[in-house]
Amino acid sequence: MDKNFLIQEITRLKQEKNAVILAHYYQDEDVQEIADFIGDSLELAKKAQNTNADIIVFAGVHFMAETAKILNPDKKVLLPDWEAGCSLADGCDPKDFSEFKKQYPDHVVVTYINCSAEIKAMSDLVCTSANAKKIIESISEEHKIIFAPDENLGNYLQKETKRDLVLWKGSCVVHEAFSLDKLIELYNKNPTAKIAAHPESESHILKAAHFIGSTSGIINFIKTDPAAVYIVATEAGILHELSKAVPNKTLIPAPSTEDNSCACSECAFMKMNTLEKLYLCLKNESPEMLVTEELRIEALKPIEKMLQLS
């Protein structure tokens, strides 16, 4: 379909149906351009709460639309592509996690927001990469902690908080795809550059980083830091919005181990959402994210605790 036609129709349908479009930083440029809000997953779900929209179109992945529905039960939540999943969330099966939890009955369960509603419902607290350190530190020393599903983020938190965490073995394929050898080679070619990395990356990448933080944390760091060149170790979609904010700075995506089309790390799930799918999902009001009220209430509890703390 013609791009101009799609943009016109999405704009028309959005007004006609009182819809709001949320796009994660990792979406394609075309999707980011037409969105009402661009941000991290939780930030976006909270933005939706503050709108009077009847429909939320979440251009992101499955668990993000689910979180938006948990926080916005009276709004219709749509996901442009139902198959847009997440390697991290998919790697933490509720039945397996329930068995894992039983092995540590006296532990407080903290889960990263990149997980399913069922996993959130089994948690005491939820966190984001931006507030994870604060959430872990809010738990008193006498309590033992399970942290799931991201093992790399868990390892980083253990170093940062000096707490001993029982870690679920899960990871994000995007953040595990960075090549240290290629990164060092790139840095040697750009010796004045600063490396900014997401804490979901492996520890050898984090050791090389000048700054470690969430997607929004990386953006704020690059906006305010005086350096002129940055190597960015997170999903390459972040560079679109960031380059508009810092037009005078040079942004280089960290190299991936794969020789893929952009030689950087891209999330195939995030890129499943397209302008055409966005148009069709608004037109047909489907696929729709539904969460049973019982599950929604249980999954909301640890999110609300997190929001109070942060």
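Residues numbered from 1 in each chain as written. Predicted model: local features only at pLDDT ≥ 70, side-chain atom pairs only at ≥ 80, totals over all residues. Heavy atoms only, no water.

You'll find the chain entered in an unreviewed UniProt entry as Quinolinate synthase, with Flavobacterium quisquiliarum given as the organism. Quoted verbatim from the Pathway (unreviewed entry) field of the UniProt record, the comment on the chain reads "Cofactor biosynthesis; NAD(+) biosynthesis; quinolinate from iminoaspartate: step 1/1." According to UniProt, the comment filed for the chain under the heading Catalytic activity (unreviewed entry) is "iminosuccinate + dihydroxyacetone phosphate = quinolinate + phosphate + 2 H2O + H(+)". (UniProt positions renumbered as here; feature names shortened; annotations may be inferred.)

A. Summary view of the side chain of Asp40. Examined against the element boundaries, Asp40 turns out to sit in the loop between β2 (37-39) and α3 (41-49). At a separation of 3.1 Å, a polar atom in the side chain of Asp40 contacts the side chain of Ser216. Contacts of Asp40, omitting those with residues within four sequence positions, involve His24, Tyr25, Ser214, Thr215 and Ser216. (Helix = DSSP H or I, 4+ residues; strand = E, 2+ residues; numbered from the N terminus. Polar contact = N/O pair within 3.5 Å; in protein donor to acceptor, adjacent residues only side chain to side chain. Contact = heavy atoms within 4.5 Å.)

B. The pairing of strand β7 (residues 144-148), seen in detail. Of all five residues that make up β7, four are buried, and the element is covered over most of its length. Relative to β7, strand β5 (residues 107-112) is paired through five bridges, and the arrangement is parallel. Bridge pairing in β7 places Val110 opposite Phe147. Here β7 runs beside strand β8 (residues 165-167); their pairing, made up of three bridges, is parallel. Bridge pairing links Ile146 to Val166 in β8. (Buried < 20%, exposed > 50% of the residue type's maximum accessible area, 1.4 Å probe, protein only. Pairing = 2+ DSSP bridges.)

C. Summary view of the side chain of Asp225. Counting through the fold element by element, Asp225 comes out in the loop between α12 (215-224) and β11 (229-233). Polar side-chain contacts of Asp225 include one of 3.0 Å to the side chain of Lys194. Side-chain polar atoms of Asp225 contact the side chain of Tyr230, separated by 2.8 Å.

D. Broad picture of the packing of α3 against helix α4 (residues 62-71). Contact geometry for α3 and α4: axes closest at 9 Å, N-to-C directions at 35°. Crossing geometry of α3 relative to α4 is assigned as right-handed. Contacts between α3 and α4 pair Ser41, Leu42, Ala45 and Gln49 from the former with Phe63, Met64, Thr67, Ala68 and Leu71 from the latter. For the contact of α3 with α4, the per-class residue count stands at six nonpolar, three polar and no charged. (Axes fitted to C-alpha atoms, helices over the stretch in contact; angles between N-to-C directions. Left-handed = near helix turned anticlockwise from the far one by under 90°. Nonpolar A, V, L, I, M, F, W, Y, C, P; charged D, E, K, R; others polar.)

E. Representation of the nonpolar core. Judged by nonpolar contacts, the single largest core of 95 residues is most densely connected at Val110, Phe147 and Ile222. Take this core: its biggest share by element is six residues, from α4. Counting residues in hydrophobic clusters, the runner-up holds 11 residues, among them Phe97, Cys115, Ala148 and Val166. (Core = buried A, V, L, I, M, F, W, Y, C linked by side-chain atoms within 4.5 Å.)

F. Local environment of helix α1 (residues 3-16). Relative to the 20 Å expected for 14 residues at 1.5 Å per residue, α1 spans 20 Å between its end C-alpha atoms, a close match to the ideal helical length. Taken as a whole, α1 has its buried residues at Leu6, Glu9, Ile10, Leu13 and Lys14. Buried residues of α1 fall within an arc of 135° about the axis and therefore sit on the same side. Facing away from the buried surface of α1 by more than 90 degrees, the exposed residues are Asn4, Gln8, Gln15 and Glu16. Residues of α1 that are buried sit in contact with β1 (19-24), α2 (29-34) and α14 (275-284). (Expected span 1.5 Å × (residues − 1). Arc of directions from axis to C-beta.)

G. Fine view of the UniProt feature "binding site: [4Fe-4S] cluster" (unreviewed entry) in the chain. Under the UniProt annotation, the feature "binding site: [4Fe-4S] cluster" (unreviewed entry) is placed at Cys86, Cys172 and Cys267. Along the chain, the position of Cys86 falls in the loop between β4 (76-78) and α5 (87-90). On the basis of relative accessibility, which here comes to 12%, the residue Cys86 falls in the buried class.

H. Quick look at the domain arrangement of the chain. By domain assignment, the chain separates into domain 1 (3-84 + 270-290), domain 2 (88-173 + 296-309) and domain 3 (175-253). The C-alpha centroid of domain 2 is placed 27 Å from the C-alpha centroid of domain 1. Listed by partner, the interface residues are 10 residues for domain 1 and 15 residues for domain 2. Between domain 1 and domain 2, the buried area comes to about 970 Å², and carbon and sulfur atoms account for 76% of it. Area buried by domain 1 at its contact with domain 2 is led by Leu42, Phe63 and Ile70, which between them contribute 56% of it. Counting every contact that joins domain 1 to domain 2 gives zero salt bridges. (Domains from an automatic or database assignment. Buried area = accessible area lost by both parts, 1.4 Å probe. Salt bridge = Lys/Arg side-chain N within 4 Å of Asp/Glu carboxyl O.)

I. Looking closely at the environment of Lys162. For Lys162, the location among the structural elements is in the loop between α9 (151-161) and β8. For Lys162, a relative accessible area of 70% puts it in the exposed group. Distance from Lys162 to Glu137, taken between C-alpha atoms, is 9.5 Å for residues 25 residues apart in sequence. There is a polar contact of 3.1 Å between the side chain of Lys162 and the backbone oxygen of Lys159.

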